[in-house]
Amino acid sequence: MLKLALALAFCLAAADAQARASGIAQDGWSKLSAAQMHRLPQAVRLALHQAQAGCGAEAIRVRNGFVTYLPIPDGQQLITIHFEHVECDNGKLCAPAGCLHRVLFSSADGKVQRDIWRGNVREINTAFFAGNLLIEIDFSQGASICSRQLKWNGKSLQISTSREAIRAR
């Protein structure tokens, strides 16, 4: 039992040290270094710089999950930027309707081919389900629950009639 307790304590200490070494702040927010910023796709960097300019912030601070990537079988990827995880001193990235979110198509090398959706919403989830690219958008406010599922037809987003695809993943 003592060996198990020691092993658990060692694992917790190692995880804490790795989190600090990777630049993840204890409160969940961390400043993006120039090297970290450079590793992001160009469109994500541009969106963050636009947010920084709009906020009047000196530095960009983010939490884990501020950008998500969904690989698509044809070698492209869908990039979603969740601005509720980007620090903005004046709060302009969020409004009563929700926080800014952007969805972009990107080639495998990270060059954006097209910005396909943006808006202030509570949350956005993406999935590739049964050969279809789906985006579920949560527009809920207060006690009012409202969400829409959009399907990419290769050219534009259309309202999907299937309501369970993303929840079924």
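Nothing here was measured: the structure is a model prediction, and the numbers come from that model.

Draft legend 1. Structural view of the pattern of salt bridges. According to the stated counting rule, one finds three salt bridges in the structure shown. With a shortest N-O distance of 2.8 Å, Glu 87 and Arg 61 are connected by a salt bridge. Within this pair, whereas Glu 87 is found in the loop between strand E4 (77–82) and strand E5 (94–95), its partner Arg 61 is found in strand E2 (residues 61–63), the two being separated by 26 residues in sequence. When its relative accessible area of 28% is taken as the criterion, Glu 87 is described as partly exposed. A salt bridge links Asp 115 to Arg 102, with the nearest nitrogen and oxygen atoms 2.7 Å apart. With Asp 115 in strand E7 (residues 112–121) and Arg 102 in strand E6 (residues 98–106), the pair connects residues that are 13 residues apart, well separated along the chain. Overlapping salt bridges, with partners in common, bring together Arg 102, Asp 115 and Arg 118 in one network.

Draft legend 2. Examining the nonpolar core more closely. Judged by nonpolar contacts, the single largest core of 22 residues is most densely connected at Leu 48, Phe 66 and Phe 83. Breaking this core down by element, the ones donating at least two residues are helix H3 (42–55), E4 and E6. With six residues, H3 is the largest single contributor of residues to this core. If we skip the residues at most four places from it in the chain, Phe 66 touches Leu 32, Leu 40, Val 44, Leu 48, Thr 80, Ile 81, His 82, His 85 and Val 86. Leu 70, Trp 117, Ile 124 and Ile 135 belong to the second largest nonpolar core, which has 15 residues in total.

Draft legend 3. Seen up close, the environment of Arg 39. By the secondary structure assignment, Arg 39 is in helix H2 (residues 34–39). Note: C-alpha distance between Arg 39 and Gly 110 (71 residues apart in sequence) is 9.9 Å.

Draft legend 4. How the structure looks around the confidence of the model for the chain. For the chain, the average pLDDT comes to 77, and 78% of its residues sit at 70 or higher. Every residue in residues 1–26 scores below 50 in pLDDT, and together they form eight contacts with partners more than four places removed in sequence or on other chains.

Draft legend 5. Up close: the packing of aromatic side chains. In total, this model carries one aromatic pair according to the counting rule given. With a centroid separation of 4.9 Å and 65° between ring planes, the pair formed by Phe 105 and Trp 152 is classed as edge-to-face. On the criterion of sequence distance, the pair formed by Phe 105 in strand E6 and Trp 152 in strand E10 (residues 147–152) is long-range, its members being 47 residues apart. An identical accessibility class is assigned to Phe 105 and Trp 152; each is buried.

Draft legend 6. View of the state of the cysteines. Using the criterion set out here, one finds one disulfide in the structure. One disulfide bridge connects Cys 94 with Cys 99, the sulfur atoms lying 1.9 Å from each other. Because the torsion about its S-S bond is 100°, the bridge between Cys 94 and Cys 99 counts as right-handed. When its relative accessible area of 35% is taken as the criterion, Cys 94 is described as partly exposed. You can call Cys 99 buried: its relative accessible area is 12%.

What counts and how
Residues numbered from 1 in each chain as written. Predicted model: local features only at pLDDT ≥ 70, side-chain atom pairs only at ≥ 80, totals over all residues. Heavy atoms only, no water. Salt bridge = Lys/Arg side-chain N within 4 Å of Asp/Glu carboxyl O. Helix = DSSP H or I, 4+ residues; strand = E, 2+ residues; numbered from the N terminus. Buried < 20%, exposed > 50% of the residue type's maximum accessible area, 1.4 Å probe, protein only. Core = buried A, V, L, I, M, F, W, Y, C linked by side-chain atoms within 4.5 Å. Contact = heavy atoms within 4.5 Å. pLDDT = per-residue confidence, 0-100. Phe/Tyr/Trp six-rings, centres within 6.5 Å; stacked < 30°, edge-to-face > 60°. Disulfide = S-S within 2.5 Å.

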